[in-house]
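# Per-entry structural report
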Amino acid sequence: MPTWTSRGLRGSTLEEYINRTNEKYLENGLALIQKIPTPITPVTIDKQTRRITLAYFDQKSTVDYIGAVQGIPVCFDAKECRTDTFPLQNIHEHQVAFMQNFETQGGIAFFLISYAARDTFYYLRFCKLLEFWNRMREGGRKSFRYEELEQDFIFKPSGGLLVPYLNTLQKDLLLRE
């Protein structure tokens, strides 16, 4: 079974930014998005700090967030990337399967990727992920480069929001019509 260590905290800053953004969206009546906790079972706890130092995942998690935006069901996962190349190994088969099923049921699935070195975010549409995913499965690159991204889906903090993804979600919806 996979174990959890301090590496499991990767992305926690991004998730905190998304959580704050989601609070603002809720306050403004725009969206109701919930963070899905990853179920873990502690193995070792530091008695002095009372912190979990080793744990294992109870089950495979699906996505980080799920909810509704103006009546549209959405689910997404948050990822951080420190370079211009995003390894597809950071996305798991069961996540892709869940997102595919979610979209089949009429929902919108996507990834929010933080490109820390560029101080930008990217809204990875599920259909674009599938292009990269299928390329990998057919023996091609096991990653995608920043240059391959859809430029209209790259964004920065704005309007007092840390990760303002609703505008890119709107662009995604318009392309689906």
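Refer to the structure printed above.
Residues numbered from 1 in each chain as written. Predicted model: local features only at pLDDT ≥ 70, side-chain atom pairs only at ≥ 80, totals over all residues. Heavy atoms only, no water.

### Details of the packing of aromatic side chains
As enumerated under the stated definition, the model contains 12 aromatic pairs in all. When the centroid spacing of 5.1 Å and the interplanar angle of 55° are considered together, the rings of phenylalanine 76 and tyrosine 165 count as tilted. Here tyrosine 165 lies in the loop between β11 (154-155) and α4 (166-176) and phenylalanine 76 lies in strand β6 (residues 72-81), a separation of 89 residues in the sequence. With a relative accessible area of 0%, phenylalanine 76 lands in the buried category. Assessed through its relative accessible area of 0%, tyrosine 165 is described here as buried. In textbook terms, an aromatic cluster arises when at least three aromatic residues are bridged by ring pairs, as seen for Tyr25, Tyr65, Phe76, Phe110, Tyr123, Phe153 and Tyr165. (Phe/Tyr/Trp six-rings, centres within 6.5 Å; stacked < 30°, edge-to-face > 60°. Helix = DSSP H or I, 4+ residues; strand = E, 2+ residues; numbered from the N terminus. Buried < 20%, exposed > 50% of the residue type's maximum accessible area, 1.4 Å probe, protein only.)

### Quick look at helix α2 (residues 93-104)
In this model α2 runs 16 Å from its N-terminal to its C-terminal C-alpha over 12 residues, within 8% of the 16 Å that 1.5 Å per residue would give. Residues of α2 that are buried: Gln95, Val96, Met99 and Phe102. Taken end-on, α2 shows its buried residues confined to a sector of 125°, consistent with a single buried face. Those residues of α2 that are buried are in contact with β5 (65-69), β6, β8 (108-115) and α3 (126-137). Two residues or fewer after α2 comes glycine 106, characterised by a positive phi angle close to 100°. (Expected span 1.5 Å × (residues − 1). Arc of directions from axis to C-beta. Contact = heavy atoms within 4.5 Å.)

### A look at α4
Inspection of α4 places Leu166, Thr168, Leu169, Asp172 and Leu173 among the buried residues, and these make up the whole buried set. Projected down its long axis, α4 shows its buried positions confined to an angular sector of 160°, all on one face. Seen from the open side of α4, the exposed residues pointing more than 90 degrees away from its buried face are Asn167 and Leu175. Looking at the packing, one finds that the buried side of α4 touches α1 (12-27), β5, β6, β8, β9 (120-125) and β11.

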